[in-house]
Amino acid sequence: MEEDILYHFSLSTKTHNLPEMFGDTKFVCVGGSANRMKAFAQFMHRELNLPGFPEDICEGTDRYCMYKVGPVLSISHGMGVPSISIMLHELIKLLYHAQCCDVVLFRLGTSGGVGLAPGTVVVTDKAVDYAFRPQFEQVVLGKVVSRSTVLDVGVVNELLKCSDELQSFPTVIGNTMCTDDFYEGQGRLDGALCSFSHEEKLEYLRKAYEAGVRNIEMESTVFAAMCRACGVKAAVVCVALLNRFEGDQVTSSHDVLVEYQQRPQVLVSHFIKKRLGLIP
């Protein structure tokens, strides 16, 4: 096509020199909250000891935010599969047009733990659906297309090694269940609608745990599937804010939650600095 408009980023191949703007990108970190990804960009800016301060490249739109910090992109993706999938389509096209190579994508987020203490970081082995299958189903032209959600083993193991070096917080490898909903879809009893009992909820969580699920969130399957289908190495790194066997609501204090949310950022920052040769 003559021009590719990346509408939700307010970028275009005709109005922006994408290779000049993004060609040196090696790491892309995405997360749901715009404020959290701005904070991550500022954190990476300090970690890489760069001059100036990061600015929002997508200020022309209110859909997503995007910050570039040296070879690192920090982008918000909103909440749920539809929002992150739109962002991923335009991000992957952006990396293609910018002629980037050997890029690693990370989803940094929060989640509900399954049999884990609050504050535990989960590095995803496989993203699974509601039936614990490592696949993402997308309806295309009225037909269901199924794509694998297995993530890159090398990146997963490298992240676990980084956690061992940090010795700052518990980190595990496990499957991550992705749902279409925060309440009933995740077996919560505290939504406006609830069609099941406490015992039924616990039975479902036990089945999930037995299937290797260690946390629950709402974006991992499409993230893993699209990255795998496009040949991009990727990882999902989420902190558990609570143990779902013990309750449905997040009850930790604000300060504790802020520190929890920083844990995936600290781990991925360590990974990036090692890849850049800034630490041994």
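Residues numbered from 1 in each chain as written. Predicted model: local features only at pLDDT ≥ 70, side-chain atom pairs only at ≥ 80, totals over all residues. Heavy atoms only, no water.

Trainee: I would appreciate a short explanation of the overall build of the protein in the present structure.
Mentor: Assigned secondary structure in the protein consists of seven helices and 12 strands. Relative to a compact globule of 280 residues, whose C-alpha radius of gyration would be 19 Å, the protein shows 19 Å and is just as compact. Dimensions of the protein along its principal axes, counting C-alpha atoms only, are 55 × 50 × 35 Å. Residue burial in the protein is summarised as follows: out of 280 residues, 49% are buried. Put simply, 74% of the contacts in the protein that link residues at least 6 apart link residues at least 24 apart. With 26 positive and 33 negative side-chain charges, the protein shows a separation of 4 Å between the mean positions of the two kinds. (Helix = DSSP H or I, 4+ residues; strand = E, 2+ residues; numbered from the N terminus. Rg over C-alpha atoms; globule rule 2.2 N^0.38 Å. Buried < 20%, exposed > 50% of the residue type's maximum accessible area, 1.4 Å probe, protein only. Contact = heavy atoms within 4.5 Å. Lys, Arg positive; Asp, Glu negative; His and termini not counted. Charge placed at Lys NZ, Arg CZ, Asp CG, Glu CD.)

Trainee: Would you mind showing me how to read the pairing of strand 11 (residues 213–217) here?
Mentor: The side chains of a regular strand alternate, residue by residue, between the two faces of the sheet. The buried fraction of strand 11 is high, at five of five residues. Both strand 6 (residues 104–113) and strand 11 contribute to a ladder of two bridges, which runs antiparallel. Residue pairing in the sheet places Gly113 in a bridge with Asn215 of strand 11. As judged from the four bridges shared by strand 10 (residues 171–178) and strand 11, these two strands associate in the parallel manner. (Pairing = 2+ DSSP bridges.)

Trainee: I would appreciate a short explanation of the layout of surface pockets in the present structure.
Mentor: Summary: where empty space remains is shown by rolling a probe the size of a single water molecule over the atoms. Of the voids in this model, the largest pocket is the one considered here, and its volume is about 420 Å³. For the largest pocket, the lining is made up of 21 residues, of which Arg36, Met79, Thr110, Phe182 and Met218 are closest to its centre. In terms of residue count, the dominant contributor to the lining of the largest pocket is strand 6 (five residues). Looking at side-chain class alone, the lining of the largest pocket contains seven nonpolar, nine polar and five charged residues. (1 Å grid on protein atoms, 1.4 Å probe; cavity = no way out; pocket = protein on both sides within 12 Å on 5 of 7 lines; lining within 4 Å. Points joined across faces, edges and corners; volume = space filled by probe spheres on them. Nonpolar A, V, L, I, M, F, W, Y, C, P; charged D, E, K, R; others polar.)

Trainee: Looking at this structure, I do not really get the packing of helix 3 (residues 81–97) against helix 6 (residues 220–229). What am I missing?
Mentor: Each pair of packed helices gets described by two things: the angle between the helix axes and the distance between those axes. One can describe the packing of helix 3 onto helix 6 by two numbers: an axis separation of 9 Å at closest approach and a directional angle of 20 degrees. In this view, helix 3 runs roughly parallel relative to helix 6, as classed from their interaxial angle. Both helix 3 and helix 6 take part in a crossing whose hand is right-handed. Of the residues in helix 6, those in contact with Val81, Ile84, Ser85, Leu88, His89 and Ile92 of helix 3 are Thr221, Val222, Phe223 and Met226. (Axes fitted to C-alpha atoms, helices over the stretch in contact; angles between N-to-C directions. Parallel < 35°, antiparallel > 145°, perpendicular 65-115°, else oblique. Left-handed = near helix turned anticlockwise from the far one by under 90°.)

Trainee: Quick question: what am I supposed to make of the environment of Gln249 here?
Mentor: Here Gln249 lies in the loop between strand 12 (233–243) and helix 7 (254–275). Separated by 202 residues in the primary sequence, Gln249 and Glu47 place their C-alpha atoms 33 Å from one another. If we ignore the near neighbours within four places in the chain, the residues touching Gln249 are Asp190 and Leu242. Here the side chain of Gln249 touches Asp190 through a polar contact of 3.2 Å, side chain to side chain. (Polar contact = N/O pair within 3.5 Å; in protein donor to acceptor, adjacent residues only side chain to side chain.)

Trainee: What's the story with the pattern of salt bridges in this structure? I'm lost.
Mentor: Here the idea is simple: oppositely charged side chains can pair when their charged atoms come close. Enumeration according to the criterion identifies 14 salt bridges in this entry. Among the ionic pairs, Glu165 bridges to Lys274, the shortest N-O distance being 3.4 Å. With Glu165 in helix 4 (residues 153–166) and Lys274 in helix 7, this residue pair connects regions lying 109 residues apart in the sequence. A relative accessible area of 36% places Glu165 in the partly exposed class. Residue Asp248 pairs with Lys201 through a salt bridge whose shortest N-O separation is 2.7 Å. In this pair, Asp248 sits in the loop between strand 12 and helix 7 while Lys201 sits in helix 5 (residues 198–210), placing the two residues 47 residues apart along the sequence. Asp248 sits in the buried class, given a relative accessible area of 10%. Salt bridges here are not isolated pairs; linked through shared partners, they connect Arg107, Glu217 and Glu219. (Salt bridge = Lys/Arg side-chain N within 4 Å of Asp/Glu carboxyl O.)

Trainee: Got a minute to help me understand the pairing of strand 7 (residues 121–128) in this structure?
Mentor: By the criterion of burial, strand 7 is predominantly enclosed, with six of the eight residues buried. In this sheet, strand 12 lies alongside strand 7 in antiparallel orientation, the contact comprising three bridges. Note that in strand 12 the partner of Val121 across the bridge is Val239.

Trainee: Explain the side chain of His270 here, please?
Mentor: In this structure, His270 sits in helix 7. By relative accessible area, His270 is classed as buried at 13%. In contact with His270, not counting residues within four places along its chain, are Cys162, Glu165, Leu166 and Ile279.

Trainee: Quick question: what am I supposed to make of the nonpolar core here?
Mentor: Within soluble globular proteins, side chains that are nonpolar generally end up buried alongside one another. Counting residues in hydrophobic clusters, the biggest one holds 38 residues, and the most contacted among them are Phe9, Leu91 and Leu105. Within the residue set of this core, elements represented by two or more residues are helix 1 (18–22), strand 3 (27–31), strand 5 (72–76), helix 3, helix 6 and strand 12. Apart from residues lying up to four places away in sequence, Leu91 is in contact with Phe9, Val28, Val30, Leu73, Ile75 and Leu105. Counting 33 residues, the second-largest nonpolar core is a separate cluster that includes Ala41, Tyr67, Ala235 and Phe271. (Core = buried A, V, L, I, M, F, W, Y, C linked by side-chain atoms within 4.5 Å.)

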